[in-house]
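This is what each chain is made of:
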2 protein chains.
Amino acid sequence: MPTTFSDQRKLSVVLFEGFELLDVFGPVQLFGSLPDVAIEYVGPHTGPVISSKGARVVADLAYEDLARPDILMVPGGQGTRTLVDDAGFLAWLGQAGSRADLVASVCTGSALLAAAGLLEGYSATSNKRAFTWASGFGDDVDWRPRARWVHDRDRWTSSGVAAGMDMATGMIADLYDADTARAVTLRAEYEPHTDSTRDPFADVYRLG
Amino acid sequence: MPTTFSDQRKLSVVLFEGFELLDVFGPVQLFGSLPDVAIEYVGPHTGPVISSKGARVVADLAYEDLARPDILMVPGGQGTRTLVDDAGFLAWLGQAGSRADLVASVCTGSALLAAAGLLEGYSATSNKRAFTWASGFGDDVDWRPRARWVHDRDRWTSSGVAAGMDMATGMIADLYDADTARAVTLRAEYEPHTDSTRDPFADVYRLG
(Lines give C-alpha, C1' and ligand atoms only; values in the text may rest on other atoms or scores of the structure.)
Protein backbone atom coordinates (compact mmCIF):
# COMPACT_ATOMS: atom_id res chain seq x y z
CA MET A 1 0.00 0.00 0.00
CA PRO A 2 1.27 3.53 -0.66
CA THR A 3 2.55 5.42 2.36
CA THR A 4 3.53 8.99 3.00
CA PHE A 5 5.98 10.19 5.59
CA SER A 6 3.17 11.15 7.94
CA ASP A 7 1.95 7.55 7.91
CA GLN A 8 5.29 6.26 9.10
CA ARG A 9 5.83 4.49 12.35
CA LYS A 10 9.27 5.16 13.77
CA LEU A 11 11.36 2.40 15.33
CA SER A 12 14.14 3.96 17.41
CA VAL A 13 16.90 1.48 18.21
CA VAL A 14 19.17 2.25 21.16
CA LEU A 15 22.87 1.58 20.55
CA PHE A 16 25.58 1.57 23.22
CA GLU A 17 29.13 0.30 23.43
CA GLY A 18 28.97 -3.49 23.69
CA PHE A 19 25.44 -3.99 22.30
CA GLU A 20 24.71 -7.45 20.87
CA LEU A 21 24.45 -7.48 17.07
CA LEU A 22 21.65 -9.98 16.48
CA ASP A 23 19.55 -8.39 19.26
CA VAL A 24 19.37 -5.37 16.95
CA PHE A 25 19.50 -6.79 13.46
CA GLY A 26 17.17 -9.75 13.93
CA PRO A 27 14.18 -7.50 14.71
CA VAL A 28 15.40 -4.81 12.28
CA GLN A 29 15.51 -7.35 9.43
CA LEU A 30 11.79 -8.02 9.97
CA PHE A 31 10.57 -4.48 10.79
CA GLY A 32 12.68 -3.17 7.91
CA SER A 33 10.55 -5.07 5.40
CA LEU A 34 7.49 -3.02 6.35
CA PRO A 35 7.21 -0.04 3.99
CA ASP A 36 5.69 2.25 6.61
CA VAL A 37 8.35 1.72 9.29
CA ALA A 38 11.30 4.12 9.49
CA ILE A 39 14.24 2.91 11.56
CA GLU A 40 16.68 5.20 13.32
CA TYR A 41 19.69 4.38 15.48
CA VAL A 42 20.26 6.39 18.64
CA GLY A 43 23.64 6.31 20.36
CA PRO A 44 25.72 8.02 23.03
CA HIS A 45 26.92 10.25 20.17
CA THR A 46 26.34 10.35 16.42
CA GLY A 47 28.71 8.16 14.45
CA PRO A 48 30.09 4.65 14.96
CA VAL A 49 29.18 2.66 18.07
CA ILE A 50 31.10 -0.57 18.66
CA SER A 51 29.15 -3.78 19.31
CA SER A 52 30.12 -6.67 21.58
CA LYS A 53 31.33 -8.59 18.52
CA GLY A 54 33.43 -5.69 17.24
CA ALA A 55 31.30 -4.45 14.33
CA ARG A 56 30.74 -0.72 14.34
CA VAL A 57 27.26 0.62 13.52
CA VAL A 58 26.59 4.29 12.89
CA ALA A 59 24.20 6.12 15.24
CA ASP A 60 22.03 8.61 13.34
CA LEU A 61 21.44 10.77 16.39
CA ALA A 62 22.59 11.19 19.98
CA TYR A 63 20.45 10.17 22.95
CA GLU A 64 19.64 13.78 23.86
CA ASP A 65 18.31 14.46 20.36
CA LEU A 66 15.74 11.67 20.31
CA ALA A 67 12.22 13.01 19.77
CA ARG A 68 9.17 11.07 20.97
CA PRO A 69 9.66 7.52 19.64
CA ASP A 70 6.79 5.34 18.44
CA ILE A 71 8.67 2.16 19.30
CA LEU A 72 11.82 2.27 21.43
CA MET A 73 13.90 -0.91 21.18
CA VAL A 74 16.74 -1.73 23.57
CA PRO A 75 19.18 -4.58 22.84
CA GLY A 76 21.28 -6.51 25.33
CA GLY A 77 24.95 -7.36 25.28
CA GLN A 78 28.01 -7.01 27.50
CA GLY A 79 27.54 -3.24 27.55
CA THR A 80 24.46 -3.61 29.77
CA ARG A 81 26.70 -4.70 32.67
CA THR A 82 28.07 -1.20 33.12
CA LEU A 83 25.00 0.73 31.92
CA VAL A 84 22.85 -0.60 34.78
CA ASP A 85 25.02 1.58 37.04
CA ASP A 86 25.04 4.64 34.76
CA ALA A 87 22.59 7.08 36.35
CA GLY A 88 22.70 9.52 33.43
CA PHE A 89 21.91 6.84 30.86
CA LEU A 90 19.13 5.35 33.00
CA ALA A 91 17.53 8.75 33.55
CA TRP A 92 17.53 9.36 29.78
CA LEU A 93 16.19 5.87 29.05
CA GLY A 94 13.42 6.22 31.62
CA GLN A 95 12.28 9.52 30.09
CA ALA A 96 12.56 8.30 26.48
CA GLY A 97 10.70 5.09 27.29
CA SER A 98 7.90 6.83 29.15
CA ARG A 99 7.29 9.03 26.07
CA ALA A 100 7.19 6.06 23.65
CA ASP A 101 4.05 4.28 22.46
CA LEU A 102 5.79 0.94 22.90
CA VAL A 103 9.02 -0.09 24.60
CA ALA A 104 10.70 -3.35 23.59
CA SER A 105 13.88 -5.09 24.68
CA VAL A 106 15.84 -8.10 23.52
CA CYS A 107 18.00 -10.24 25.82
CA THR A 108 19.53 -8.34 28.75
CA GLY A 109 18.07 -5.10 27.40
CA SER A 110 15.26 -5.79 29.90
CA ALA A 111 17.75 -5.31 32.76
CA LEU A 112 18.22 -1.76 31.46
CA LEU A 113 14.47 -1.20 31.18
CA ALA A 114 13.99 -2.46 34.76
CA ALA A 115 16.88 -0.38 36.12
CA ALA A 116 15.36 2.66 34.40
CA GLY A 117 12.01 2.03 36.10
CA LEU A 118 10.22 1.18 32.85
CA LEU A 119 9.01 -2.26 34.00
CA GLU A 120 7.42 -1.32 37.34
CA GLY A 121 4.13 -3.20 37.57
CA TYR A 122 4.82 -5.19 34.41
CA SER A 123 5.58 -8.81 33.54
CA ALA A 124 8.85 -9.30 31.68
CA THR A 125 11.53 -11.79 30.65
CA SER A 126 15.21 -11.71 29.73
CA ASN A 127 18.15 -13.79 28.50
CA LYS A 128 18.02 -17.19 30.22
CA ARG A 129 21.78 -17.58 30.77
CA ALA A 130 21.83 -14.16 32.49
CA PHE A 131 18.36 -14.43 34.03
CA THR A 132 19.42 -14.38 37.67
CA TRP A 133 21.41 -11.20 37.10
CA ALA A 134 18.83 -9.43 34.93
CA SER A 135 15.89 -10.27 37.19
CA GLY A 136 17.61 -8.54 40.12
CA PHE A 137 16.61 -5.15 38.69
CA GLY A 138 13.37 -3.31 39.31
CA ASP A 139 11.24 -3.20 42.46
CA ASP A 140 7.92 -4.51 41.22
CA VAL A 141 8.61 -6.58 38.10
CA ASP A 142 6.95 -9.95 37.55
CA TRP A 143 9.97 -11.69 35.98
CA ARG A 144 8.99 -14.74 33.91
CA PRO A 145 11.76 -17.37 33.74
CA ARG A 146 9.97 -19.48 31.11
CA ALA A 147 8.98 -17.34 28.13
CA ARG A 148 10.30 -16.81 24.61
CA TRP A 149 8.92 -13.32 25.03
CA VAL A 150 6.45 -11.45 27.22
CA HIS A 151 3.93 -8.88 25.97
CA ASP A 152 2.33 -6.85 28.73
CA ARG A 153 0.38 -3.83 27.46
CA ASP A 154 2.97 -1.34 26.07
CA ARG A 155 6.01 -3.39 27.02
CA TRP A 156 7.55 -6.24 25.04
CA THR A 157 10.58 -8.09 26.41
CA SER A 158 12.25 -11.12 24.83
CA SER A 159 14.57 -13.86 25.93
CA GLY A 160 18.14 -14.02 24.62
CA VAL A 161 19.48 -12.86 21.25
CA ALA A 162 17.62 -14.94 18.61
CA ALA A 163 14.38 -14.68 20.63
CA GLY A 164 14.19 -11.07 19.45
CA MET A 165 13.18 -12.29 15.99
CA ASP A 166 10.28 -14.26 17.40
CA MET A 167 9.17 -11.31 19.54
CA ALA A 168 9.41 -9.00 16.51
CA THR A 169 7.22 -11.42 14.55
CA GLY A 170 4.71 -11.30 17.40
CA MET A 171 4.85 -7.50 17.53
CA ILE A 172 4.21 -7.22 13.79
CA ALA A 173 1.28 -9.65 14.07
CA ASP A 174 -0.11 -7.49 16.88
CA LEU A 175 0.52 -4.10 15.24
CA TYR A 176 -0.58 -5.22 11.74
CA ASP A 177 -1.98 -8.74 11.34
CA ALA A 178 -0.89 -12.36 11.01
CA ASP A 179 -0.63 -12.16 7.21
CA THR A 180 1.79 -9.25 7.41
CA ALA A 181 3.91 -11.10 9.97
CA ARG A 182 3.91 -14.15 7.73
CA ALA A 183 4.97 -12.08 4.71
CA VAL A 184 7.99 -10.54 6.44
CA THR A 185 9.19 -13.86 7.84
CA LEU A 186 8.76 -15.56 4.43
CA ARG A 187 10.83 -12.83 2.85
CA ALA A 188 13.60 -13.48 5.36
CA GLU A 189 13.17 -17.29 4.99
CA TYR A 190 12.67 -17.35 8.74
CA GLU A 191 10.45 -19.89 10.51
CA PRO A 192 9.35 -18.07 13.66
CA HIS A 193 8.38 -19.66 16.95
CA THR A 194 4.92 -18.21 17.43
CA ASP A 195 4.15 -19.53 20.94
CA SER A 196 5.54 -16.98 23.39
CA THR A 197 5.37 -19.50 26.27
CA ARG A 198 7.49 -22.17 24.54
CA ASP A 199 11.03 -21.78 25.90
CA PRO A 200 13.47 -24.68 25.54
CA PHE A 201 16.27 -22.51 26.93
CA ALA A 202 14.58 -22.27 30.33
CA ASP A 203 15.28 -26.01 30.59
CA VAL A 204 18.85 -25.70 29.31
CA TYR A 205 19.61 -23.13 31.99
CA ARG A 206 17.42 -24.91 34.63
CA LEU A 207 14.98 -22.08 35.18
CA GLY A 208 11.33 -22.02 36.17
CA MET B 1 40.97 -22.19 25.63
CA PRO B 2 43.71 -19.54 25.41
CA THR B 3 44.50 -18.28 21.93
CA THR B 4 47.21 -16.12 20.47
CA PHE B 5 46.87 -13.99 17.37
CA SER B 6 48.70 -16.60 15.31
CA ASP B 7 46.02 -19.14 16.19
CA GLN B 8 43.27 -16.93 14.90
CA ARG B 9 41.09 -17.76 11.97
CA LYS B 10 40.01 -14.66 10.09
CA LEU B 11 36.46 -14.22 8.81
CA SER B 12 36.41 -11.46 6.19
CA VAL B 13 32.90 -10.18 5.55
CA VAL B 14 32.27 -8.34 2.28
CA LEU B 15 30.10 -5.23 2.58
CA PHE B 16 28.63 -3.26 -0.32
CA GLU B 17 25.93 -0.65 -0.70
CA GLY B 18 22.59 -2.42 -0.27
CA PHE B 19 23.83 -5.53 1.57
CA GLU B 20 21.22 -7.39 3.65
CA LEU B 21 21.73 -6.96 7.40
CA LEU B 22 20.78 -10.40 8.72
CA ASP B 23 22.82 -12.10 5.97
CA VAL B 24 25.84 -10.59 7.71
CA PHE B 25 24.91 -10.45 11.37
CA GLY B 26 23.23 -13.85 11.68
CA PRO B 27 26.47 -15.72 10.86
CA VAL B 28 28.60 -13.08 12.63
CA GLN B 29 26.61 -13.56 15.85
CA LEU B 30 27.58 -17.24 15.85
CA PHE B 31 31.17 -17.00 14.56
CA GLY B 32 31.74 -14.07 16.91
CA SER B 33 31.25 -16.34 19.94
CA LEU B 34 34.34 -18.36 19.00
CA PRO B 35 37.38 -16.95 20.81
CA ASP B 36 39.78 -17.82 18.00
CA VAL B 37 37.85 -16.13 15.19
CA ALA B 38 38.68 -12.53 14.25
CA ILE B 39 36.07 -10.77 12.11
CA GLU B 40 36.87 -7.96 9.71
CA TYR B 41 34.58 -5.99 7.41
CA VAL B 42 35.76 -5.21 3.89
CA GLY B 43 34.03 -2.54 1.85
CA PRO B 44 34.35 -0.43 -1.29
CA HIS B 45 36.13 2.07 0.99
CA THR B 46 36.90 2.25 4.70
CA GLY B 47 34.11 3.81 6.76
CA PRO B 48 30.32 3.49 6.72
CA VAL B 49 28.59 1.30 4.12
CA ILE B 50 24.80 1.56 3.91
CA SER B 51 22.73 -1.63 4.05
CA SER B 52 19.49 -2.36 2.22
CA LYS B 53 17.57 -1.54 5.42
CA GLY B 54 19.37 1.76 5.96
CA ALA B 55 21.74 0.90 8.81
CA ARG B 56 25.33 1.95 8.18
CA VAL B 57 28.12 -0.45 9.14
CA VAL B 58 31.77 0.59 9.19
CA ALA B 59 34.18 -1.20 6.84
CA ASP B 60 37.57 -1.77 8.49
CA LEU B 61 39.41 -1.96 5.21
CA ALA B 62 38.88 -1.38 1.49
CA TYR B 63 38.58 -4.23 -1.02
CA GLU B 64 42.06 -3.59 -2.44
CA ASP B 65 43.62 -3.88 1.02
CA LEU B 66 42.27 -7.34 1.84
CA ALA B 67 45.06 -9.84 2.51
CA ARG B 68 44.52 -13.58 2.02
CA PRO B 69 41.28 -14.38 3.89
CA ASP B 70 40.74 -17.63 5.75
CA ILE B 71 36.98 -17.42 5.26
CA LEU B 72 35.48 -14.95 2.81
CA MET B 73 31.76 -14.36 3.39
CA VAL B 74 29.51 -12.59 0.89
CA PRO B 75 25.99 -11.48 1.83
CA GLY B 76 23.07 -10.84 -0.50
CA GLY B 77 20.72 -7.90 -0.70
CA GLN B 78 19.46 -5.43 -3.28
CA GLY B 79 23.01 -4.29 -3.94
CA THR B 80 23.78 -7.58 -5.71
CA ARG B 81 21.50 -6.54 -8.58
CA THR B 82 23.98 -3.94 -9.80
CA LEU B 83 27.18 -5.66 -8.64
CA VAL B 84 26.60 -8.64 -10.96
CA ASP B 85 27.36 -6.19 -13.79
CA ASP B 86 30.33 -4.50 -12.10
CA ALA B 87 33.41 -5.95 -13.82
CA GLY B 88 35.86 -4.33 -11.40
CA PHE B 89 34.11 -5.69 -8.33
CA LEU B 90 33.75 -9.17 -9.84
CA ALA B 91 37.44 -9.28 -10.81
CA TRP B 92 38.39 -8.37 -7.24
CA LEU B 93 35.94 -10.89 -5.75
CA GLY B 94 37.18 -13.67 -8.03
CA GLN B 95 40.78 -13.05 -6.98
CA ALA B 96 39.99 -12.67 -3.27
CA GLY B 97 37.83 -15.81 -3.28
CA SER B 98 40.41 -17.91 -5.12
CA ARG B 99 42.98 -17.01 -2.42
CA ALA B 100 40.64 -17.90 0.49
CA ASP B 101 40.56 -21.23 2.32
CA LEU B 102 36.76 -21.13 2.28
CA VAL B 103 34.24 -18.98 0.45
CA ALA B 104 30.71 -18.66 1.82
CA SER B 105 27.65 -16.74 0.70
CA VAL B 106 24.23 -16.03 2.16
CA CYS B 107 21.13 -15.39 0.06
CA THR B 108 21.84 -13.75 -3.33
CA GLY B 109 25.51 -13.48 -2.41
CA SER B 110 25.85 -16.70 -4.43
CA ALA B 111 24.87 -14.80 -7.59
CA LEU B 112 27.97 -12.67 -6.98
CA LEU B 113 30.15 -15.74 -6.41
CA ALA B 114 28.83 -17.31 -9.61
CA ALA B 115 29.27 -14.12 -11.64
CA ALA B 116 32.85 -13.90 -10.34
CA GLY B 117 33.57 -17.45 -11.51
CA LEU B 118 33.94 -18.84 -7.99
CA LEU B 119 31.27 -21.54 -8.38
CA GLU B 120 32.42 -23.17 -11.63
CA GLY B 121 32.20 -26.93 -11.16
CA TYR B 122 30.45 -26.57 -7.78
CA SER B 123 26.98 -27.24 -6.40
CA ALA B 124 25.30 -24.20 -4.85
CA THR B 125 22.04 -22.68 -3.72
CA SER B 126 20.60 -19.19 -3.23
CA ASN B 127 17.61 -17.21 -1.98
CA LYS B 128 14.43 -19.02 -3.03
CA ARG B 129 12.40 -15.95 -3.94
CA ALA B 130 15.23 -14.79 -6.23
CA PHE B 131 16.33 -18.26 -7.29
CA THR B 132 15.51 -17.93 -10.98
CA TRP B 133 17.55 -14.74 -11.21
CA ALA B 134 20.49 -15.93 -9.12
CA SER B 135 20.76 -19.29 -10.86
CA GLY B 136 21.23 -17.56 -14.19
CA PHE B 137 24.86 -16.78 -13.29
CA GLY B 138 27.84 -19.05 -13.87
CA ASP B 139 28.51 -21.45 -16.74
CA ASP B 140 28.92 -24.74 -14.92
CA VAL B 141 27.14 -24.41 -11.58
CA ASP B 142 24.91 -27.20 -10.26
CA TRP B 143 22.22 -24.97 -8.77
CA ARG B 144 20.15 -26.74 -6.11
CA PRO B 145 16.62 -25.32 -5.79
CA ARG B 146 15.80 -27.33 -2.64
CA ALA B 147 18.47 -26.80 0.02
CA ARG B 148 18.76 -24.79 3.22
CA TRP B 149 22.44 -24.63 2.35
CA VAL B 150 24.95 -26.45 0.14
CA HIS B 151 28.48 -27.41 1.21
CA ASP B 152 30.68 -28.50 -1.68
CA ARG B 153 34.36 -28.75 -0.74
CA ASP B 154 35.61 -25.16 -0.09
CA ARG B 155 32.34 -23.48 -1.03
CA TRP B 156 29.36 -22.93 1.26
CA THR B 157 26.21 -21.23 -0.09
CA SER B 158 22.96 -20.73 1.80
CA SER B 159 19.38 -19.98 0.94
CA GLY B 160 17.83 -16.62 1.85
CA VAL B 161 18.65 -14.36 4.81
CA ALA B 162 17.91 -16.43 7.97
CA ALA B 163 19.32 -19.57 6.29
CA GLY B 164 22.76 -18.04 6.82
CA MET B 165 22.49 -18.83 10.54
CA ASP B 166 21.83 -22.50 9.83
CA MET B 167 24.71 -22.63 7.35
CA ALA B 168 27.02 -20.92 9.86
CA THR B 169 26.03 -23.54 12.45
CA GLY B 170 26.93 -26.24 9.92
CA MET B 171 30.23 -24.54 9.12
CA ILE B 172 31.17 -24.35 12.80
CA ALA B 173 30.27 -28.02 13.29
CA ASP B 174 32.49 -28.86 10.30
CA LEU B 175 35.43 -26.60 11.25
CA TYR B 176 35.28 -27.43 14.99
CA ASP B 177 32.81 -30.07 16.15
CA ALA B 178 29.14 -30.55 16.99
CA ASP B 179 29.61 -29.57 20.65
CA THR B 180 31.13 -26.23 19.68
CA ALA B 181 28.28 -25.57 17.26
CA ARG B 182 25.78 -26.43 19.97
CA ALA B 183 27.51 -24.12 22.46
CA VAL B 184 27.37 -21.06 20.16
CA THR B 185 23.72 -21.62 19.25
CA LEU B 186 22.77 -22.11 22.92
CA ARG B 187 24.49 -18.86 23.76
CA ALA B 188 22.42 -17.10 21.11
CA GLU B 189 19.25 -18.99 22.17
CA TYR B 190 18.99 -20.12 18.57
CA GLU B 191 17.50 -23.46 17.53
CA PRO B 192 19.26 -24.24 14.26
CA HIS B 193 17.91 -26.35 11.43
CA THR B 194 20.67 -28.92 11.09
CA ASP B 195 19.42 -30.75 7.98
CA SER B 196 20.81 -28.88 4.96
CA THR B 197 18.31 -30.58 2.61
CA ARG B 198 15.20 -29.49 4.54
CA ASP B 199 13.86 -26.44 2.74
CA PRO B 200 10.26 -25.39 3.35
CA PHE B 201 10.81 -22.23 1.30
CA ALA B 202 11.38 -24.25 -1.89
CA ASP B 203 7.71 -25.22 -1.57
CA VAL B 204 6.58 -21.69 -0.76
CA TYR B 205 8.23 -20.41 -3.91
CA ARG B 206 7.31 -23.53 -5.94
CA LEU B 207 10.85 -24.65 -6.73
CA GLY B 208 12.42 -28.09 -7.27
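Cut-off values and rules
Residues numbered from 1 in each chain as written. Chains lettered and ligands numbered in written order. Predicted model: local features only at pLDDT ≥ 70, side-chain atom pairs only at ≥ 80, totals over all residues. Heavy atoms only, no water. pLDDT = per-residue confidence, 0-100. Contact = heavy atoms within 4.5 Å. Buried area = accessible area lost by both parts, 1.4 Å probe. Salt bridge = Lys/Arg side-chain N within 4 Å of Asp/Glu carboxyl O. Phe/Tyr/Trp six-rings, centres within 6.5 Å; stacked < 30°, edge-to-face > 60°. Helix = DSSP H or I, 4+ residues; strand = E, 2+ residues; numbered from the N terminus. Buried < 20%, exposed > 50% of the residue type's maximum accessible area, 1.4 Å probe, protein only. Lys NZ or Arg CZ within 6 Å of the ring centre and 35° of its normal. Pairing = 2+ DSSP bridges. Axes fitted to C-alpha atoms, helices over the stretch in contact; angles between N-to-C directions.

*Asks:* Is there a simple way to explain the confidence of the model for chain A in this structure?
*Replies:* Detailed reading of the predicted model is not advised wherever pLDDT is low. Residues and elements named next belong to chain A. Summary statistics for chain A give a mean pLDDT of 95 and a share of 97% for residues scoring 70 or more. Predicted confidence for residues 1-6 stays below pLDDT 50, and this span has three contacts to residues more than four positions away or in other chains. Interface scoring of the predicted complex returns ipTM 0.94; its pTM is 0.95.

*Asks:* Just checking my understanding: could you explain the interface of chain A and chain B for this structure?
*Replies:* Often the size quoted for an interface is simply the accessible area lost on bringing the parts together. Facing 40 residues of chain A, the contacting portion of chain B comprises 40 residues. Between chain A and chain B the total buried area reaches about 3,400 Å² when both faces are included, carbon and sulfur atoms providing 57% of it. Of all residues in chain A, Q29, E189 and E191 of chain A bury the most surface against chain B, accounting for 22% of the area lost on that side. Along the contact surface separating chain A from chain B lie four salt bridges.

*Asks:* What exactly am I supposed to notice about the packing of aromatic side chains here?
*Replies:* According to the stated counting rule, one finds 13 aromatic pairs over all chains in the structure shown. Ring centres of Y63 of chain B and W92 of chain B lie 4.4 Å apart, and the angle between their planes is 25°; this geometry places the pair in the stacked category. Pair noted here: Y63 of chain B is in the loop between β5 (61-62) and β6 (71-74) and W92 of chain B is in helix α3 (residues 87-99), with a separation of 29 residues, a long-range link. Per residue, the accessibility class of Y63 of chain B equals that of W92 of chain B, and both read buried. With a centroid separation of 5.9 Å and an interplanar angle of 45°, the aromatic rings of F89 of chain B and W92 of chain B are classed as tilted. Residue F89 of chain B and its partner W92 of chain B are located together in helix α3, separated by three residues, close to a single helical turn. The same class applies to F89 of chain B as to W92 of chain B, namely buried. What links up through ring pairs into an aromatic cluster is the set F25 and Y41 of chain A together with F25 and Y41 of chain B. The ring of Y176 of chain A carries R9 of chain A above its face, with NZ or CZ at 5.2 Å from the centroid. Over the aromatic face of W133 of chain A sits the side chain of R81 of chain A, whose NZ or CZ is 4.0 Å from the ring centroid.

*Asks:* How do you make sense of the sheet that holds strand β10 (residues 149-152) of chain B when you look at a structure like this?
*Replies:* Sheet strands line up and pair through hydrogen bonds in the backbone, either parallel or antiparallel. Residues and elements named next belong to chain B. In space, the seven strands of this open sheet follow the order β5-β2-β1-β6-β7-β11-β10, with mixed pairing throughout. Each of the sheet's edge strands pairs with one partner strand only, and the pair in question is β5 and β10. The pairing of strand β1 (residues 9-14) with strand β2 (residues 37-43) spans six bridges and is parallel. Paired with R9 across the bridge in β2 is V37. Here α3 sits on the sheet in contact with β1, β2, β6, β7 (102-105) and β11 (155-158), set at roughly 145° to β6.

*Asks:* Mind showing me how you'd approach the sheet that holds strand β5 (residues 61-62) of chain A here?
*Replies:* Residue and element names in this part refer to chain A. A sheet is described by the order of its strands in space; here seven strands give the open sequence β5-β2-β1-β6-β7-β11-β10, paired in mixed fashion. Each having just a single partner strand, β5 and β10 (149-152) make up the two edges of the open sheet. Looking at chain direction, β10 and strand β11 (residues 155-158) are connected through four bridges and run antiparallel. By the bridge assignment, W149 is partnered in β11 with S158. Of the strands in this sheet, β1 (9-14), β6 (71-74), β7 (102-105), β10 and β11 touch helix α6 (residues 163-175), which is tilted by about 155° from β11.

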